[in-house]
Amino acid sequence: RWELEQFGFPYQRVYAQELDAGQLAKKYDVLIFPTEAIPETDRQTGFRGFFGRQPDSTEIPAEFRSWLGTVTVAKTVPQLKQFLADGGTIITIGTSISMGPHAGLAIGDALVDTSGKHLSNEQFYIPGSLLQVRVDNTLPIAYGEPDHVDVFFDESPVMRLGSGAAQQGVQPVAWFETAHPLRSGWAWGQEHLKDGVAMAQARVGKGRLFLFGPEMLFRGQPHGTFKFLFNGIYLAGATPFRGAA
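A quick note: this is a predicted structure, and the numbers were derived from the prediction, not measured.

Conventions and cut-offs
Residues numbered from 1 in each chain as written. Predicted model: local features only at pLDDT ≥ 70, side-chain atom pairs only at ≥ 80, totals over all residues. Heavy atoms only, no water. Phe/Tyr/Trp six-rings, centres within 6.5 Å; stacked < 30°, edge-to-face > 60°. Helix = DSSP H or I, 4+ residues; strand = E, 2+ residues; numbered from the N terminus. Buried < 20%, exposed > 50% of the residue type's maximum accessible area, 1.4 Å probe, protein only. Contact = heavy atoms within 4.5 Å. Arc of directions from axis to C-beta. Core = buried A, V, L, I, M, F, W, Y, C linked by side-chain atoms within 4.5 Å.

**Some points on the packing of aromatic side chains**
Right, so step 1: Summed over all chains, the structure comprises eleven aromatic pairs.
Right, so step 2: For the ring pair Phe7 and Phe226, a centre distance of 5.9 Å and an interplane angle of 80° mean the geometry is edge-to-face. Taken as a pair, Phe7 in the loop between helix 1 (2-6) and helix 2 (16-21) and Phe226 in helix 5 (residues 226-235) lie far apart in primary sequence, 219 residues in all.
Right, so step 3: Given a relative accessible area of 38%, Phe7 falls into the partly exposed group.
Right, so step 4: Through pairs of rings, three or more aromatic residues link up here, namely Phe7, Phe9, Phe226, Phe230 and Tyr234.

**Focus on the environment of Thr35**
Right, so step 1: Within the secondary structure layout, Thr35 lies in the loop between strand 1 (30-33) and helix 3 (76-85).
Right, so step 2: Spatially, the C-alpha atoms of Thr35 and Pro140 are 23 Å apart, while their sequence positions differ by 105 residues.
Right, so step 3: Those residues in contact with Thr35 that sit more than four places away from it in its chain are Ile93, Gly94, Thr95, Ser96 and Glu215.

**A short note on helix 3**
Right, so step 1: Of the positions making up helix 3, those classed as buried are Thr76, Val77, Leu80, Phe83 and Leu84. The buried residues of helix 3 occupy an angular sector of 110° when the element is viewed end-on, so they sit on one face.
Right, so step 2: Its buried side turned inward, helix 3 meets helix 2, strand 1, strand 2 (89-93), helix 4 (99-102), strand 9 (197-204) and strand 10 (207-212).
Right, so step 3: Of the residues flanking the end of helix 3, it is Gly87, one or two places downstream, whose phi is positive at about 110°.

**What to know about the nonpolar core**
Right, so step 1: Formed by 36 residues in total, the largest nonpolar core has its most connected members in Leu193 and Phe228.
Right, so step 2: Of all the secondary structure elements, the ones that give two or more residues to this core are strand 2, strand 4 (129-135), strand 5 (148-153), strand 7 (171-175), strand 9, strand 10 and helix 5.
Right, so step 3: Residues in contact with Leu193, not counting those within four places in the same chain, are Leu111, Phe124, Ile126, Leu131, Phe153, Val158, Phe176 and Pro181.
Right, so step 4: Ile97, Ala103, Ile107 and Val197 belong to the second largest nonpolar core, which has 27 residues in total.

Next up, the structure:
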């Protein structure tokens with residue numbers, strides 16, 4: 001919220017109950033989901049799985065009861081897919097890029113071993129460092145960015161585009177060009193990042209879906225990547241879109 005306030009973007013906070021109620025395209029142009037907002041599965045519970053049960057509605061003041069609820073794959077994701085189908089724009093950051101597979105896109109995890117299992121911390125671990133990515137700045141979402149940019153990586157997801165992704169209109173926006181992308185900090189097993197996709201975009205229905213793996217807004221500090229968010233907001237409702245027909 002700080003970035004939106006500082007740079008003059010009007011916004012409204014939206015909670016699970018309203019998302020689940022649907023008809024989102026009648027109320028919003030763009031929905032922004034920070035990391036941990038959209039789960040991969042409904043087994044997840046809160047940030048890093050640390051949060052317990054939510055309070056009963058009778059335990060909190062009436063003005064806060066609409067905040068209760070949890071974004072779920074079973075109930076919320078179908079409404080988000082309908083929002084995209086109706087022409088809405090969704091911007092996802094960090095683990096919320098799971099919206100890509102939920103939307104049926106051929107996107108997988110790039111950080112897996114030969115058996116397809118996600119790499120362990122003994123194989124790959126970057127809990128907070130600056131890494132360099134290659135950017136396709138001919139795309140409107142990357143307007144104003146250089147062809148290489150440093151991103152903040154905090155155990156961030158990295159995508160592998162499947163064989164059918166291009167046919168679905170999925171486009172890489174930024175990717176790890178080398179096996180040594182570390183710019184500041186430390187990175188265990190950074191060679192696993194090579195050719196992994198850090199950011200991608202796709203046309204879903206009439207809408208746009210932006211998938212930003214790195215923490216591009218981390219604590220309001222990485223100003224070099226704010227433009228991806230700002231461009232995504234401006235592109236909401238704009239035409240033409242350089243993506244799937």
